[in-house]
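Remarks on the overall topology
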Amino acid sequence: QVQLVESGGGLVQAGGSLRLSCAASGSIFRINLMGWYRQAPGNQRELVARITSGRTTNYADSVKGRFTISRDNTKNTVYLQMNRLKPEDSAVYYCNADIVLNGWPRENNYWGQGTQVTVAS
């Protein structure tokens, strides 16, 4: 049906940068809201950033000024540029999207499998 595949995670030193990508594939008619969430061990999954189809964005307070979300609608892909990373940014990052499938009247919500980001102090 639909797959969201993340890439770009890894190990980085504090102060460094990473860029996450999430590509959606399948029988897609339209992608509405796209976003990134993260979950650290023992914590609940939390919103990091999201972007509408019109490219309106919002961010968690903890990442404002350091992270930038963007999307390429021609590639059904959302990106998360993460700068000035801190150890507390370490988590599994998940892509999320509201997608309308071909032939379906309403959107459904989908998750990626997650990608690990580890920031060493």
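Residues numbered from 1 in each chain as written. Predicted model: local features only at pLDDT ≥ 70, side-chain atom pairs only at ≥ 80, totals over all residues. Heavy atoms only, no water.

Regarding its fold elements, the chain presents zero helices and eleven strands. Reading the chain from its N end, one meets helices and strands in the order β-β-β-β-β-β-β-β-β-β-β. Overall, the C-alpha framework of the chain stretches about 50 × 25 × 25 Å when taken along its three principal axes. The contacts in the chain between residues at least 6 apart in sequence include a share of 55% that link residues at least 24 apart. Counting every atom, the chain has about 6,400 Å² of accessible surface; 47% of that belongs to carbon and sulfur. The averaged location of the 8 negative side-chain charges in the chain is 4 Å from the averaged location of its 13 positive side-chain charges. (Helix = DSSP H or I, 4+ residues; strand = E, 2+ residues; numbered from the N terminus. Contact = heavy atoms within 4.5 Å. Areas by Shrake-Rupley, 256 points an atom, 1.4 Å probe, with all protein chains shown as cover. Lys, Arg positive; Asp, Glu negative; His and termini not counted. Charge placed at Lys NZ, Arg CZ, Asp CG, Glu CD.)

Only one face of strand S1 (residues 2-7) is buried, namely the one carrying Val2, Leu4 and Glu6, since none of Gln3, Val5 and Ser7 on the opposite face is buried. Relative to strand S3 (residues 18-26), S1 is paired through six bridges, and the arrangement is antiparallel. Bridge pairing links Val5 to Ala23 in S3. (Buried < 20%, exposed > 50% of the residue type's maximum accessible area, 1.4 Å probe, protein only. Pairing = 2+ DSSP bridges.)

On to the pairing of strand S4 (residues 28-39). One ladder, built from nine bridges, connects S4 with strand S9 (residues 91-101); its direction is antiparallel. By the bridge assignment, Ile28 is partnered in S9 with Leu101. Pairing between S4 and strand S5 (residues 46-51): five bridges, direction antiparallel. Within the sheet, the bridge partner assigned to Met34 lies in S5 and is Ile51.

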